[in-house]
Structure formats: C-alpha cells, structure tokens
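Structural description and commentary
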Amino acid sequence: MQPNLHSFPLRPGRVHEVCGPGATSFATILAASGAGPVLWVRQDWVTEILNPVGLAAFFDPARLLIAQAPSQTDALAVTEEALRDGSVPLVVTEITRPLDLRQGRRLQLAAGTGGSTGLCLIPEGMGSNAAETRWHASPRLAPDGPDSTALRWELIKNKTGTLGAWDVRWDETAHRLHVVSPVGERPGPAQARG
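Residues numbered from 1 in each chain as written. Predicted model: local features only at pLDDT ≥ 70, side-chain atom pairs only at ≥ 80, totals over all residues. Heavy atoms only, no water.

Space inside the largest pocket adds up to approximately 330 Å³. Around the largest pocket, the lining comprises 16 residues; the ones closest to its centre are T24, V46, E48, E94 and L121. If you list the elements that add at least two residues to the lining of the largest pocket, you get α1 (23–32) and β2 (38–43). Residue composition of the lining of the largest pocket, by class: ten nonpolar, three polar and three charged. (1 Å grid on protein atoms, 1.4 Å probe; cavity = no way out; pocket = protein on both sides within 12 Å on 5 of 7 lines; lining within 4 Å. Points joined across faces, edges and corners; volume = space filled by probe spheres on them. Helix = DSSP H or I, 4+ residues; strand = E, 2+ residues; numbered from the N terminus. Nonpolar A, V, L, I, M, F, W, Y, C, P; charged D, E, K, R; others polar.)

A word on the nonpolar core. Residues V18, F26, V92, L119, L121, W135 and W153 are the most contacted members of the largest nonpolar core, which totals 29 residues. Those elements that provide at least two residues to this core are α1, β2, β4 (90–94), β5 (117–121), β6 (133–139), β7 (150–158) and β8 (164–171). When residues in this core are grouped by element, the largest group, seven residues, is from α1. Those residues within four positions of L121 in sequence are excluded, and the remaining contacts are V18, A23, T24, A27, W40, V92, T93, E94 and I95. (Core = buried A, V, L, I, M, F, W, Y, C linked by side-chain atoms within 4.5 Å. Buried < 20%, exposed > 50% of the residue type's maximum accessible area, 1.4 Å probe, protein only. Contact = heavy atoms within 4.5 Å.)

Below, the discussion takes up the environment of F26. Among the secondary structure elements, F26 is positioned in helix α1. F26 sits 111 residues away from A137 along the chain, and the two C-alpha atoms are 6.7 Å apart.

What follows deals with the environment of P89. Examined against the element boundaries, P89 turns out to sit in the loop between α2 (72–85) and β4. On the basis of relative accessibility, which here comes to 35%, the residue P89 falls in the partly exposed class. Sequence spacing of P89 and P12 is 77 residues, and the spatial spacing of their C-alpha atoms is 8.4 Å. Excluding residues that lie within four positions of it along the chain, P89 makes contacts with A35, G36, P37, S116 and T117.

It is worth spelling out the packing of α2 against helix α3 (residues 101–114) at this point. Interaxial distance between α2 and α3 falls to 6 Å at its minimum, and their mutual angle equals 25°. It follows that α2 is roughly parallel to α3 by the angle criterion. Where α2 abuts α3, its residues L76, T79, E80, L83 and R84 lie against Q103, R106, L107, A110, A111, T113 and G114. Considered class by class, the residues forming the contact of α2 with α3 number five nonpolar, four polar and three charged. (Axes fitted to C-alpha atoms, helices over the stretch in contact; angles between N-to-C directions. Parallel < 35°, antiparallel > 145°, perpendicular 65-115°, else oblique.)

Between its first and last C-alpha, α3 extends 20 Å over 14 residues, near the 20 Å set by a 1.5 Å rise per residue. Within the sequence span of α3, burial applies to Q103, G104, L107, Q108, A110 and A111. For α3, the buried positions fall inside an angular range of 165° around the axis, keeping them on one side. Exposed residues on α3 whose side chains face more than 90 degrees from its buried face are L101, R102 and T113. On its buried face, α3 is in contact with β1 (15–19), α2 and β5. The N-cap residue of α3 is D100: its side-chain oxygen and the backbone nitrogen of R102 are 3.1 Å apart. The first or second residue beyond α3 is G115, which carries a positive phi of 80°. (Expected span 1.5 Å × (residues − 1). Arc of directions from axis to C-beta. Polar contact = N/O pair within 3.5 Å; in protein donor to acceptor, adjacent residues only side chain to side chain.)

As structure tokens, then:
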C-alpha cells in the first residue's frame, strides 16, 4: 500500500513536535514546503548554531528569521506571540526542557488564534501532552547507495489519526519531498505482485 503523508505538511493552526537526529532536517523540509517567512526561535546559550546558508538547498535563506532568547521561558513567549500574530506561517522552536501542560496549551491556543503552524524541536523522550502530533526523524541509508537526504519519519503521536512510518527523501532538483516505498513493498493488490 502506498504511504500517505496526510499529516505533512502539518495541520496549520496547531503546534507539533519532532525529535531525533533528523529533527532539524524535518523542520527544514517543512519550511521548504511552505511560503513566506519562517521564524526559528532558539536559546542563545545553545552552542550549535543554525547556518542559513546551509539551508539554501531547501529554501531561500532570506525567508529565515532567527530569534535568540536568554531562556526557554523567553523563547516560549516569543513563540506564543508569533503564533498568535499569525504573520509568520511557520514558527520553529528549539526546546531544551519539558513543557508543562499549561505551556503546551498556551502555544496551541496561540496557534489556533493566528492560524500559524508551530513546530517544537524536542529532545528524545520528551514531549507535551498538548502537541497535535509528535514525529521521530532519523537519517537512513538509501537502498540504492548513500544519500544524504534519506530519512525515516515516524509519527509516534497523533491526536486525530493513526500512527505510521515513512521513508522519505528530499529531491533538491525537483525541490520536493519523495515518499520511498519500503524495500519489497510495491503499491497495488497482493495478487498483482509477482
């Protein structure tokens, strides 16, 4: 059966989460699938820095706005205001500590008010009960050889549907996401396979 990424792009007006070593790639591909500015909120004490030039293969780095906050509380305040305002279609926020239900709910209400999509990059094993969906993204070795854009996306929490896993690959030339059928599985009825 052909995989269906009905949850990607993510449901607008909601806040979602992604964890795993491919979380930044997930957020980057999400940004590439949309239009308009992308606000990326991070805490200024985190040593890893997002390089906008490195995102040029996915989307125009001029679309990226980076906000640095001194603490997670301040980062959440910036995120909440940006989601509520709605002038930025996508707000990506790097989270370093678990959100309590109140914080998660405030973000959901703000996203619902502004109609923007929120994506929290979270450490593995951490997440808010208020999140609409939670994904685990990890790199994978493509069956036809090395491919730096081959990923495995697992939907591990979904408030409005089922869970699943997909192998995906970003095609830089076509500027789109490809869903790759798992090895040995072809679309169509079982009788037609030979």
